[in-house]
Each structure stands twice: as C-alpha cells, then as structure tokens.
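Chain by chain, the residues:
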Amino acid sequence: MDRFTAQAVAAIAEDNVSGAVEIAEKSAEVVQRLARTDQSTRLEELRGRLLELSWALIRAHPTMAPLVNLVNAVLWTIDGAPDPETARRAVAEATGDFKRRLRVHEAAIAETALRLIPDDGQILTNGRSTTVRAALRHAQRAGRRFRVICAEGRPACEGRTLAAELAAGGIQVTLVIDALAVAMVAEAQLVLVGADHLGGYGLVNKVGTYGIALAAQAHNVPMYALCGSEKFLPPGFVPPSQAHWPAEQVWDAAPAQVAISNLYFDCTPLEALAGIVTEQGVQPAVGIEAWLAATKLHPALRQD
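Draft legend 1. Just the pairing of strand β1 (residues 121-125), in detail. Most of β1 is tucked away, with five of its five residues classed as buried. Residues G121, I123 and T125 of β1 are buried on one face, and the alternating residues Q122 and L124, pointing to the opposite face, are buried as well. Alignment of β1 against strand β2 (residues 146-151), held across five bridges, turns out to be parallel. Bridged to L124 within β2 is I149. Following the chain from β1 across helix α6 (residues 130-141) to the adjacent parallel β2, one finds a crossover that is right-handed. Pairing of β1 with strand β4 (residues 190-193), which is carried by two bridges, proceeds in the parallel orientation. Paired with I123 across the bridge in β4 is L190.

Draft legend 2. Quick peek at the layout of surface pockets. Quantified by volume, the largest pocket comes out at close to 370 Å³. Taken together, 32 residues make up the lining of the largest pocket; nearest its centre are S18, H61, M64, D196 and F265. Secondary structure elements with two or more residues in the lining of the largest pocket: α2 (20-37), α3 (43-60) and β6 (202-206). Residue composition of the lining of the largest pocket, grouped by class: 12 nonpolar, 13 polar and seven charged. The space that makes up the second largest pocket amounts to roughly 240 Å³. Lining the second largest pocket, in full, are N69, N72, A73, F98, R101, L102, H105, S229, E230, F232, W291 and T295. Going through the elements one at a time, α4 (65-79) and α5 (84-114) are the ones with two or more residues in the lining of the second largest pocket. Of the residues in the lining of the second largest pocket, the class split is five nonpolar, five polar and two charged.

Draft legend 3. Broad picture of the packing of α2 against α3. In the contact formed by α2 and α3, the axes pass within 11 Å of each other and the chain directions differ by 160°. When the axes of α2 and α3 are compared, the pair comes out roughly antiparallel. As α2 packs across α3, the resulting crossing turns out to be right-handed. Taken together, the residues of α3 that come into contact with α2 (itself represented by S27, V30, V31 and L34) are L46, R49, L50, L53 and L57. Classifying every residue of the contact of α2 with α3 by side-chain character gives seven nonpolar, one polar and one charged.

Draft legend 4. The sheet that holds strand β3 (residues 172-176), seen in detail. A sheet is described by the order of its strands in space; here seven strands give the open sequence β3-β2-β1-β4-β7-β9-β10, paired in mixed fashion. Of all strands in the sheet, those bounded by a partner on one side alone are β3 and β10 (281-283). Neighbouring strand axes in the sheet, compared pairwise and without regard to direction, differ in orientation by 25° on average. Along the sheet, α6 makes contact with β1, β2, β4 and β7 (223-226), crossing β2 at roughly 165°.

Draft legend 5. Focus on α6. Spanning 12 residues, α6 covers 16 Å between terminal C-alpha atoms, matching the ideal 16 Å at 1.5 Å per step. Most of α6 sits out of view: nine of its 12 residues are buried. Here α6 has its buried residues at T130, T131, V132, R133, A134, A135, L136, H138 and A139. For α6, the N-terminal cap is S129; the gap from its side-chain oxygen to the backbone nitrogen of T131 is 3.2 Å. At the C-terminal side of α6, G143 shows a positive phi close to 100°.

Draft legend 6. Examining the nonpolar core more closely. V31, L50, L53, I58, V91, F237 and L301 are the most contacted members of the largest nonpolar core, which totals 38 residues. It is α2 that contributes the most residues to this core, nine residues altogether. Non-local contacts of L301, meaning those with residues more than four positions away in its chain, are made with W55, I58, V68, V71, N72, L75 and F237. By size, the runner-up hydrophobic cluster in this structure holds 28 residues, among which are L124, A181, A215 and I276.

Rules used throughout
Residues numbered from 1 in each chain as written. Predicted model: local features only at pLDDT ≥ 70, side-chain atom pairs only at ≥ 80, totals over all residues. Heavy atoms only, no water. Buried < 20%, exposed > 50% of the residue type's maximum accessible area, 1.4 Å probe, protein only. Helix = DSSP H or I, 4+ residues; strand = E, 2+ residues; numbered from the N terminus. Pairing = 2+ DSSP bridges. Right-handed = clockwise from strand over helix to strand, strands pointing away. 1 Å grid on protein atoms, 1.4 Å probe; cavity = no way out; pocket = protein on both sides within 12 Å on 5 of 7 lines; lining within 4 Å. Points joined across faces, edges and corners; volume = space filled by probe spheres on them. Nonpolar A, V, L, I, M, F, W, Y, C, P; charged D, E, K, R; others polar. Axes fitted to C-alpha atoms, helices over the stretch in contact; angles between N-to-C directions. Parallel < 35°, antiparallel > 145°, perpendicular 65-115°, else oblique. Left-handed = near helix turned anticlockwise from the far one by under 90°. Contact = heavy atoms within 4.5 Å. Expected span 1.5 Å × (residues − 1). Polar contact = N/O pair within 3.5 Å; in protein donor to acceptor, adjacent residues only side chain to side chain. Core = buried A, V, L, I, M, F, W, Y, C linked by side-chain atoms within 4.5 Å.

Written out as structure tokens, the structure is:
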C-alpha cells in the first residue's frame, strides 16, 4: 500500500464523528484512487492490492456494513474482467455507482420517514446519523414543525455535532447527556436512529441505542431505524471485533485496579423496533431477513 493510501485509511480509521454513509463515501474515493493510479500488469496483482486495501478499510471501522458492501461489489465486479485495464475501469464504475446509490437511498428514506414524523411533535435520536439528519431536514422543508432531542454520544460526543447542524437549519434542538436520553423517551412521540450495520441478530448502532429501544417499548413510543440496504451485513461475513477505545476518554488517570470498557456500539434486537425504513419503504424484521438471505458474499470475504 502506498503512503498516500495508507494515510487516507488512517484518517478514516481515526474519524469517529462521521456517520456510516460519510465513511463509506470517503472509502469509495480511496478505492477509486487506487483504480486510477494502479499500474498492475497482472490481474492477480491488482486483486491482491484491492484485497489489502479492502481489509484495511473494513478493519478501520469493523461495525460499518457499507464498507463490506462496497468491497463486496468491487470484488464481484473484477471477477469477470479479462485484464487489469478492464478491471480498473470496472472498479471505478462500481465505486461511482455505490456512491450514487448512497445518496439516492438517503433521499428515498427521507421521503418515507416523512410519513412517520408528527407535526408539532418531539423526536429523539442517538449519535450522529446523516440519514436521520437528511430525514429531519426533508421534513422541515415539507412544512413539518417538530422538536428534536439529541443524545450527546459520549465519549466522541458526535451528538453535539448533529445538534449544531440541526439548530443551524432552524430546527429546535435539545442536547441531553446519554443517561438522560433514556428517560426523555417518555416525552417523545417518535425515536429515529441510524445504523452502522444490520444483520439477522440485530441493529448495531451508537452505544445507548439498546437502552433507548427498551425505554421506547416501555412507553409505547415507536422507534425506527433509518437504514439503507448498503448497511445490511451480508450473511456469512464475520465482522472483526469492534475496537476498545482508550480508557482515558472515560477516566483519565484512573486507578490501576479499575477496569474500563470503552465501546462505541451496541446491538439492538430487530423485534425491539417498530420497523426499518429502507429505500424500499418500511420493512418489518421478517422482511429484512429475507432481504439479507438474497445477498451474495464474495468468497474472498469469507473467513470460514
């Protein structure tokens, strides 16, 4: 891997504020650059470079399914290529199509979510999802008036960024500490969250999502995940374990006898959600399982 590519991957790995769609776009641009600059004379050499980069991107954000789906699409694309030049063009086209689908899906999800957003209601969200942000902005443009409660999202505090973005657009926002967000569910009419990935076992999203889901069930507040199909984890793919982030983020200079676990993501069972809003409308958990079953994982991504 050349120095520029390694630096780009490192920057993506260090980005713990951007949402999954933004990370996926940045990753697609890195893959596109490889396709533009590669000078491999053998197809196997190009495939090896792509695989090296692909696993580096996946390990940079192991909970984010869009990276897996980007890589999966690229690998299937080059399988039928007769030579490196054809493969490079195919990779460039596949990554471009992937980036376009991200935005098309986001717009379709925003339109579907509009039907869920109450006028003069209160909506609670967790973390910073650009898909949730797009849905709220779309609802505002459509004339809906509502208030938003943003959980802070410690330790990276990306909820602050979302709160500032919404407020700058004229949406009334209250930022709350994460522990308070669970109690604030009782004052909301709707909970909207994003997704890093979704599998048959549940929704992986910013830590605290599971607690909010339990509170939503207890108070009969509908909770939806806004999740395009690029965030569906292909069956058969086993994601690397999520990183344990520095203990100093939680407690600087903690006593040596105190163990600190600092994870950014948790898993919410799909049955705890009222539905999953995709580019094809609102789907129940059983519909998602059928959709997942139709996804074909490239053999190079299997770790049997």
